[in-house]
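# Observations on the model geometry
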Amino acid sequence: MTHSLATCRSDFPILAREAHPGVPLTFLDSGASSQKPESVIRAMDDYYRLHHANVHRGIHVLAEEATALYEGSRDSVQRFINAATRKEIIYTRNATEAINLVAYSWARANLKAGDRIVLTEMEHHANLVPWHILAGQIGVELDFVPVTDDGLLDLDAYARLLTREPKLVAFTHMSNVLGTINPVESLAAQAHAAGAKVLVDGAQSVPHLPVDVQTLGADFLAFSAHKMCGPTGIGVLWARQELLEAMPVFMGGGDMIRKVTLAGFKPNDLPYKFEAGTPAIAEGVGLGAAVDYLTGLGMEAVAAHERELITYALERLEEIPGVRVYGPPAERKGGVAAFTLEGVHPHDIAQVLDRDGVAVRAGHHCAQPLHERFDLAATARASFYLYNTRDDVDRLVVSLYRVKKLFA
Ligand code: 7TS
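Residues numbered from 1 in each chain as written. Predicted model: local features only at pLDDT ≥ 70, side-chain atom pairs only at ≥ 80, totals over all residues. Heavy atoms only, no water.

Further remarks concern the pattern of salt bridges. One pass over the structure, following the stated rule, counts 22 salt bridges. Here Glu-71 and Arg-74 are joined by a salt bridge, their closest N and O atoms 2.8 Å apart. Here the residue Glu-71 and the residue Arg-74 both occupy positions in helix α2 (residues 61–81), the gap between them amounting to 3 residues, near one helical turn. Taking relative accessible area as the criterion, Arg-74 reaches 0% and is therefore assigned buried. Residues Glu-275 and Arg-74 are paired through a salt bridge, measuring 2.8 Å at the closest nitrogen-oxygen approach. You can see Glu-275 sitting in the loop between β12 (264–267) and α9 (281–297) and its partner Arg-74 sitting in helix α2, a full 201 residues away along the chain. Accessibility expressed as a relative area gives 5% for Glu-275, which makes it buried. Within this structure, Glu-71, Arg-74, Asp-75, Arg-86 and Glu-275 form a network of salt bridges that share partners. (Salt bridge = Lys/Arg side-chain N within 4 Å of Asp/Glu carboxyl O. Helix = DSSP H or I, 4+ residues; strand = E, 2+ residues; numbered from the N terminus. Buried < 20%, exposed > 50% of the residue type's maximum accessible area, 1.4 Å probe, protein only.)

So, in structure tokens, the structure goes:
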């Protein structure tokens, strides 16, 4: 393990493989899911080889070790986002489940027909569909903050929507398509002044930016381990303790109870109250290792590295005739470049890039309303992470010129 951004690439075994025989891999799809460093892979491997048992129950050495490792990861996550207490770290399956937990538990207990929720046009489906479902089932009304041509939230429109006294404002910290970093602190302060609770979708921000929940201003924060060097299958809902205490339970079963009788049950204390059944133990251990890895590198350094890369990437992409990159300038965004190339379908772009070993995503990136806003069916998207380099950008650009030649 290097613990230096300059050399961290070698911590990721997969980045040393070839995409095709003789063709190196240029991985530019971390927005969908990041690769994993050796330390995370080893932590999960060690866990299964040496420590596995079910957690929170057995009084034997393996159960104690498994519990200590799994719960230790919660302490790492707590420190990583500076939560006031480990009780505020609820493990879920992913960011999607964390948002659904809020929709099923908090929203169903606190909202009624006619109550308003403010969302934005740049949301991932994970922060749209749970609210559509809620609207269909209990009759809440959804309002949407428009996105400007530059890919920013229309703040005047936001202020107007707040005058309608919404009960909840839910928005992404960073757009997975435009890369836009939203001004969470001021958006949250305005929402609170209007009497709303604030949910922040941190799926794209927690992996890439320093996030401190004690200054962020959110009431709920959702994120996924797999986009931040950790495994799939585990995510986090952070919420302020008093909100979590007041929320009704979500799923029922083992672990989430203190006592069960034939007549009923008494919920467990936080965080277990929201964690029914055997959890993703190895994944928790992997998330802990991922958080330790990121902490070792320093999130300020990670963010600075990606800012430098996206600045370079935008410069290089915009010099290619026919390429249009969506979203704000580099100062306002993270390491995401969604683009189109005139006359070529994004899927064809991605396919030709893949022949050169350049992995990008093409499609609507689970943000169909945002694509509709820009009159697009799809975009190609290069997304960067801590292990990417200027060489990766250069290879993307060379390959894009090849796409142009092929389709000219
Ligand atoms: N919110 C945002 C902003 C996201 O980008 C994603 C996943 C999610 C929520 C959902 O995360 P999950 O781990 O629960 O699935 N975004 C992407 C993407 O951009 N390409 O693939 C998944």
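That was the structure; now back to the text.
Turning next to the domain arrangement of the protein chain. Examined at the domain level, the protein chain breaks down into domain 1 (8–30 + 298–407) and domain 2 (42–295). A separation of 28 Å is found between the C-alpha centroids of domain 1 and domain 2. On the side of domain 2, 32 residues touch domain 1, which itself brings 34 residues to the contact. Buried area between domain 1 and domain 2, both sides added, is near 2700 Å², and the carbon and sulfur share of it is 59%. Applying the counting rule to domain 1 against domain 2 returns 2 salt bridges. With its nearest N and O atoms 3.8 Å apart, the salt bridge here joins Arg-373 to Glu-121. If you look at where domain 1 meets domain 2, you find 16 residue pairs in polar contact (both at pLDDT 80 or more). Those elements that provide at least two residues to the side of domain 1 that touches domain 2 are α10 (299–318), β14 (336–341), α12 (368–373) and β17 (379–383). The element that contributes the greatest number of residues to the side of domain 1 that touches domain 2 is α10, accounting for 6 residues. (Domains from an automatic or database assignment. Contact = heavy atoms within 4.5 Å. Buried area = accessible area lost by both parts, 1.4 Å probe. Polar contact = N/O pair within 3.5 Å; in protein donor to acceptor, adjacent residues only side chain to side chain.)

A few words on the site of the ligand. Every one of the 17 residues lining the ligand counts as a neighbour, but Thr-96, Asp-201, Ser-224, Arg-361 and Arg-381 are closest to it. Here an oxygen atom of the ligand sits 3.4 Å away from a polar atom, N or O, in the main chain of Ala-95. Take His-226: an N or O atom from its side chain is 2.7 Å from an oxygen atom of the ligand. The protein chains hide 90% of the 490 Å² of surface that the ligand would expose on its own. (Near = heavy atom within 4 Å. Areas by Shrake-Rupley, 256 points an atom, 1.4 Å probe, with all protein chains shown as cover.)

Turning next to the sheet that holds strand β16 (residues 361–363). The 4 strands lie next to each other as β13-β14-β17-β16, forming an open sheet whose pairing is antiparallel. Here the strands that pair on one side only, and so sit at the sheet edges, are β13 (323–326) and β16. Neighbour to neighbour, the strand axes of the sheet diverge by 30° on average, direction disregarded. Both β16 and β17 contribute to a ladder of 3 bridges, which runs antiparallel. Bridged to Gly-363 within β17 is Thr-379. On top of the sheet, helix α11 (residues 346–355) reaches β14, β16 and β17; it is set at about 160° to β16, its chief contact. (Pairing = 2+ DSSP bridges. Axes fitted to C-alpha atoms, helices over the stretch in contact; angles between N-to-C directions.)

The strand order across the open sheet built from 7 strands is β4-β10-β9-β8-β7-β5-β6, with neighbouring strands paired in mixed fashion. Edge positions in the sheet fall to β4 (89–92) and β6 (141–145), since each has one partner strand and no second. Taken pair by pair, the neighbouring strands of this sheet meet at an average axis angle of 20°, ignoring direction. In the sheet, strand β5 (residues 116–120) pairs with β6 via 5 bridges, with the strands oriented parallel. Bridge pairing in β6 places Val-118 opposite Asp-143. Contacts between helix α3 (residues 95–110) and the sheet are confined to β4, β7 (168–172), β8 (197–201), β9 (220–224) and β10 (235–239), with β9 contributing the most and set at about 150° to the helix.

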